[in-house]
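# Structural description and commentary
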Amino acid sequence: TTFSMTRVVPGIGGTGPGSEPEVRAITTFLTEYVQPAFEQVIVFSFHSACPPRGYVQPGYFENGDPDPVSAAFAREAARAAGYKSLHSWVQDPPITGELIHFCADRGIISMDVELPSYDMPEIIPTGKKEPTIQSMRRMVFHILTMK
């Protein structure tokens, strides 16, 4: 199965939010251990790559509408890292089984972070002034220190 920024090839993703095996492992951990222990949970899901700039997409509901709280955090994360902020994700057919969709459905603040390159995080991507790892650190620190 392949994915492009303009279309989804049938077969991508699971049968519904949180249904992919790797996502199920994370969602079980989130719902059984993390959510009961913390008042607020924020999930960053890092992916590669969306050159040249990278982007941040908030958790969203089935109709593609972003979770408003996740959207506010995603905008701040994108600003802190110098990435583009996506408002929503609507595909036909939709991508199913995504972690950020699962999180939005359960009130967990979440965002997908598409890194600007496939390079190791210590490499400075084309068109950037710092290594990806430095941008990620700034992003996470900014979100964790927001009031």
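Structural notes, computed from the coordinates.

Parameters and conventions
Residues numbered from 1 in each chain as written. Predicted model: local features only at pLDDT ≥ 70, side-chain atom pairs only at ≥ 80, totals over all residues. Heavy atoms only, no water. Helix = DSSP H or I, 4+ residues; strand = E, 2+ residues; numbered from the N terminus. Buried < 20%, exposed > 50% of the residue type's maximum accessible area, 1.4 Å probe, protein only. Contact = heavy atoms within 4.5 Å. Expected span 1.5 Å × (residues − 1). Bend = angle between axes of the 7 residues up to and from the residue. Salt bridge = Lys/Arg side-chain N within 4 Å of Asp/Glu carboxyl O. Phe/Tyr/Trp six-rings, centres within 6.5 Å; stacked < 30°, edge-to-face > 60°. Pairing = 2+ DSSP bridges.

Turning our eyes to something else, we now look at the overall build of the protein. Counting its regular elements, the protein contains four helices and four strands. Taken from the N to the C terminus, the helices and strands of the protein come in the order α-β-β-α-β-α-β-α. Burial analysis of the protein (147 residues in total) assigns 44% to the buried set. Relative to all contacts within the protein whose residues are 6 or more apart in sequence, the contacts with residues 24 or more apart total 74%.

Turning our attention to helix H1 (residues 21-37). Along its 17 residues, H1 runs 24 Å from first to last C-alpha, staying within 8% of the 24 Å computed at 1.5 Å per residue. Along its length, H1 reaches its greatest deviation from straightness, about 40°, at Leu30. Of the residues making up H1, those classed as buried are Val23, Thr27, Leu30 and Val34. Packing partners of the buried residues in H1 comprise strand E1 (42-48) and helix H3 (99-105).

A separate point is the pattern of salt bridges. Throughout the structure, instances matching the rule amount to two salt bridges. Of the charged contacts in the structure, one is a salt bridge between Arg79 and Glu76, with a shortest N-O distance of 2.8 Å. A residue pair is termed a helical-turn pair when its members lie 3 or 4 positions apart in one helix, as Arg79 and Glu76 do in helix H2 (residues 68-81) at three residues. Between Arg138 and Glu130 there is a salt bridge whose closest N-O contact spans 2.5 Å.

With that out of the way, let us pick up the packing of aromatic side chains. Enumeration according to the criterion identifies two aromatic pairs in this entry. Taken together, a centroid distance of 6.0 Å and an interplanar angle of 10° make the contact between Phe44 and Phe46 stacked.

Among the secondary structure elements, Cys103 is positioned in helix H3. You can call Cys103 buried: its relative accessible area is 0%. Those residues in contact with Cys103, other than ones at most four positions away along the chain, are Leu30, Val43, Ile108 and Ser110.

Turning our eyes to something else, we now look at the sheet that holds strand E4 (residues 109-115). On the basis of which strands lie adjacent, the open sheet formed by four strands has the order E1-E4-E2-E3 and mixed pairing. On the outer flanks of this sheet lie E1 and strand E3 (84-85), each paired with one strand and no other. The sheet contact formed by E1 and E4 spans seven bridges and is parallel. Bridge pairing in E4 places Ile42 opposite Ile109.

Glancing now at the pairing of E4. Buried residues dominate E4, accounting for seven of its seven residues. For strand E2 (residues 55-58) and E4, the ladder comprises four bridges, and the chain directions are antiparallel. Paired with Val56 across the strands is Val113, a residue of E4.

The quantities given are spatial measurements derived from coordinates; they are silent on function.
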